[in-house]
Every structure is written in C-alpha cells, then in structure tokens.
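Examining the three-dimensional arrangement
Listed below, chain by chain, are the residues.
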Amino acid sequence: MPGSDSLLIGLVQAVFLLLIAPFFTGLSRVLRAKLHSRKGPSILQDYRDLFKLMKRQEVVPAQAGWVFRVTPYVIMATLLLIAMMIPIFTLKSPLGMIGDLIVVVYLFTVVRFFFSTAGLDSGSGFAGIGSSREMSLGVLVEPTIILVLFVIALLSGSTDLGTISQKVASGEISYYNPVILSGLVALAVATYIETGKVPFDLAEAEPEIQEGPLTEYSGPSLAILKWSLGLKQLVVIALFLAVFFPFGNAAVVTPSSLLVSIVLFLLKVAVFYVIAALLENSMARFVLFKTPEVTWVIFGIALLSFVFYLVNL
C-alpha cells in the first residue's frame, strides 16, 4: 500500500494538473490565434470563462435522468484519480501497485462512457449525435492505445506504470528498439487524437452540432465538464510522457528534485501543445467517415510493434 508521502505526492499531482488545465487550454487558443494572425483571447481567458459559468444558473432538461446530473462530477473525480496514479513528478507511481496500466485504461473508459451516455440521457438530438461520434472515436482509437501499452508492459515485464517509467529512464528499454519506436509513433498520434485536436475534434464539433454532448449543460455543470475536458488533455499527455519520456522525473523525492521535475513536465507539455497547434492549424477537420483512414494506420503501426516484440527485434 502507498505511504502517506506517496499519497501526498499523488494529491499534489492531481491538484496541480487541475489548476493548470485552463492555462494550457488557453495557451492552445492563443497559439491558434497567432497562427491565424489574430490577436486572440488572453491566455487566462479560460479561467475567466469557468468563473463566469460557476456563477450562472443551471438549467436541467426535464427529460434528463440521474446520469446527466452526476456525469460532470464522475468525470472530474475519475480524471483526478488517474492523475494521482500516473508517475508525473516521480519515477514511481504515487499509488504504488494501484497505478496499473489496466486500471488506468478502464478509468479512461469510464470517462468516455459517462460523457457519451450523458449526451443521450439529455434527450437532445444534437447531444445524441455528439455522443455517437464520441463513442465511434473511442472504438477507433482505444485499441491502438491498449495494444501499445500492452506491448510496453510485455517489454518491461510489468503493468506497473512506475516500473515502466524507471526502465525507460534508466535506458534499460532503449529507443533504438523498433518495438519502442513504432509504439512511440502510434501512441503519439493516439494521444493527439485523444486531446481532441483538429482534424479529430469530433466529440464537440462546435460548427456542426452545437458542442455535441455538452449541448444541454449550463452553469456550474458546464464549467466542471469544460474544466474536465481540459484536465483530460493533460492527463492523456502525462500518460504518454510517463511511458516514453519520463526523463527528469524525481528518482529520489526531495524538494529540489520535485521542483526540477515540475518545471520539466511543464516544458514537455508546452512542447506538445506547440506541436499540436502547428499540426491542427495546417489541416482541415475530418468528417467521421474519414477518421478510420488514420486510425487504422496507427493501429497497424501498433500491431507492427507487437510483431517486432514477438520476433525479438
């Protein structure tokens, strides 16, 4: 069982990601505006939007059930739990053996399930379409993520995220291994898709179906959901970094090592957002039926990684 110090680090991780999530979603908006030669909003605009939504009245559709009402809180709590499991600041998972790849994958599935079901439960046709798109995207992307994580677990001999991070950071798992290279490419593209960037931002699709599953939410519930979506982006990126780029994470927990790991984590996330901004502003949105053309390719790359592992390359 994790000790009190490890639990404290996990809580700090979760609260830290929660606090900086609106900053990075704001950064994404600023980068998009700059690439479009627009002035754009303030980098802190998302904090202001959340604060305004928290103060507004909440309206619940008459036909909505309990799933619609509890979804914002379930999603937020689940993402915070995942944030506590992933080794973000240290090379060990703060929750010890609980920080298992299988558990993390299942928790991400819980987030997608409630997000999609809430749209259907609202009774709105627009929300229902958005929910179907969200589930379709999950069916296309999740097999790639699961397969890559499965191969990495086989390569490291453990499904513990901390063990995987330590072996990658120590060089025991080398980047010259084709298993790692192909898995890195596949998971990088899957992470990009899971963060909801163009051309894969099918869950909200604001110009087409009025924010999809979020259509009927308002007030504090809408604020919590938008905050949760920003937090999900950071959590997905943190998982990718923990598996393939854990360098800089503290091997021994001291104030100085934690400070260094926090700074390096922020830099790595910022690099991801800059690259994502360049990519999403260089292409147009996909229609849903075009998405499999990309997802099947990255699944093929993930499958190739598994083949490389089987033949001991």
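Residues numbered from 1 in each chain as written. Predicted model: local features only at pLDDT ≥ 70, side-chain atom pairs only at ≥ 80, totals over all residues. Heavy atoms only, no water.

1. As for the nonpolar core
Which entries qualify depends on this criterion: Remark: nonpolar core denotes a set of buried residues (Ala, Val, Leu, Ile, Met, Phe, Trp, Tyr, Cys) joined through side-chain atoms within 4.5 Å. Only protein chains enter the calculation, and the probe is 1.4 Å; a residue is then buried if its accessible area is under 20% of its type maximum, exposed if over 50%, and partly exposed in between. By definition, any uninterrupted DSSP run of H or I lasting at least four residues is a helix, any uninterrupted run of E lasting at least two residues is a strand, and each is numbered from the N terminus. In what follows, residue pairs with any heavy atoms lying within 4.5 Å of each other are defined as contacts.
If you look at the biggest cluster of nonpolar residues, it comprises 81 residues, and the most contacted ones within it are L17, I86, F244 and F265. Top contributing element to this core by residue count: helix α9 (residues 219-244), with 16 residues. Setting aside chain neighbours within four positions, we find L17 in contact with A83, I88, L231, L234, V235 and F265.

2. A few points about the UniProt feature "transmembrane region" (unreviewed entry) in the protein chain
Going by this rule: UniProt positions are given in the numbering used here, feature names are shortened, and annotations may be inferred rather than shown by experiment.
Under the present numbering, the feature "transmembrane region" (unreviewed entry) in UniProt falls on residues 6-31, 66-89, 95-115, 136-155, 175-193, 234-252, 258-279 and 291-311. In residues 234-252, the share of helix is 58% and the share of strand is 0%. The end C-alpha atoms are 24 Å apart.

3. A few points about the environment of L214
In this fold, L214 is placed in the loop between α8 (206-209) and α9. Residue class for L214 comes out buried when judged on its relative accessible area of 1%. It is 12 Å that separates the C-alpha atoms of L214 and G123, two residues lying 91 residues apart in sequence.

4. So, the environment of Y47
To keep things clear, this is the line we draw: Under the rule applied, a polar contact is a pair of N or O atoms within 3.5 Å (in protein, one hydrogen donor and one hydrogen acceptor; residues adjacent in sequence only if both atoms are side-chain atoms).
Structurally, the position occupied by Y47 is in helix α2 (residues 45-55). Accessibility expressed as a relative area gives 31% for Y47, which makes it partly exposed. In the structure, Y47 is positioned 26 residues away from A21 in sequence and 9.3 Å away in space, judged by C-alpha atoms. Setting aside residues no more than four positions away along its own chain, Y47 makes contact with L19, I20, P22 and F23. From its side chain, Y47 meets the backbone oxygen of L19 in a polar contact 2.5 Å long.

5. Digging into the packing of helix α7 (residues 178-194) against α9
Operational definition: Every axis corresponds to a line fitted to the C-alpha atoms, with the helix fit spanning only the stretch in contact, and the corresponding angles, defined between N-to-C directions, vary from 0 to 180 degrees. Note on terminology: angles under 35 degrees are roughly parallel, angles over 145 are roughly antiparallel, angles of 65 to 115 are roughly perpendicular, and the others are oblique. Side-chain classes are defined by residue name, with Ala, Val, Leu, Ile, Met, Phe, Trp, Tyr, Cys and Pro counting as nonpolar, Asp, Glu, Lys and Arg as charged, and the others, Gly among them, as polar.
Close contact between α7 and α9 brings their axes to 10 Å; oriented N to C, the two are set at 175°. The orientation of α7 relative to α9 falls into the category roughly antiparallel. Across from I180, G183, L184, L187, A188, T191 and E194 in α7, the residues of α9 making contact are K232, V236, I237, F240 and F244. When the residues that make up the contact of α7 with α9 are grouped by side-chain class, the tally is 8 nonpolar, 2 polar and 2 charged.

6. Some words on the environment of S228
As for its position among the elements, S228 is in helix α9. A C-alpha to C-alpha distance of 19 Å links S228 and R133, two positions 95 residues apart in sequence. Aside from chain neighbours lying at most four places away, what touches S228 is P72, I75, M76 and L79.

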